[in-house]
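Residue strings, one per chain:
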Amino acid sequence: MSKISVEVPDELLADVDEHVGDDGKFVNRSEAVRASLRKMLDQLDEIDERHGRLEDD
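Bear in mind the structure is a predicted one, so any value in this text is a computation, not a measurement. (Residues numbered from 1 in each chain as written. Predicted model: local features only at pLDDT ≥ 70, side-chain atom pairs only at ≥ 80, totals over all residues. Heavy atoms only, no water.)

1. Observations regarding the pattern of salt bridges
What the rule picks out here adds up to three salt bridges. As a salt-bridge pair, aspartate 17 and arginine 29 come within 2.8 Å of each other at their nearest N and O atoms. Taken together, the positions of aspartate 17 in helix α1 (residues 10–17) and arginine 29 in helix α2 (residues 29–50) put the pair twelve residues apart, joining distant regions of the chain. (Salt bridge = Lys/Arg side-chain N within 4 Å of Asp/Glu carboxyl O. Helix = DSSP H or I, 4+ residues; strand = E, 2+ residues; numbered from the N terminus.)

2. Structural notes on a nonpolar patch on the surface
A contiguous nonpolar surface patch, about 480 Å² in accessible area, is contributed by Val33, Leu37, Met40, Leu41, Leu44 and Ile47. Along the chain, methionine 40 turns up in helix α2. (Patch = residues over 30% accessible without salt bridge, like charges linked within 9 Å, V, L, I, M, F, W, Y side chains within 5 Å. Areas by Shrake-Rupley, 256 points an atom, 1.4 Å probe, with all protein chains shown as cover.)

Structural data, given as structure tokens:
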């Protein structure tokens, strides 16, 4: 698995941290970021499909 580095505003990171840990939805920040990226890409695919911009595999 590749590693990346991103700069995130402190306020946004604090919001993410509210969902991470024993009482959160995610085990760690990495899991939260991966899930968010997957969701964003799925949403973009749905938008592209509605506009006929997806190629068939």
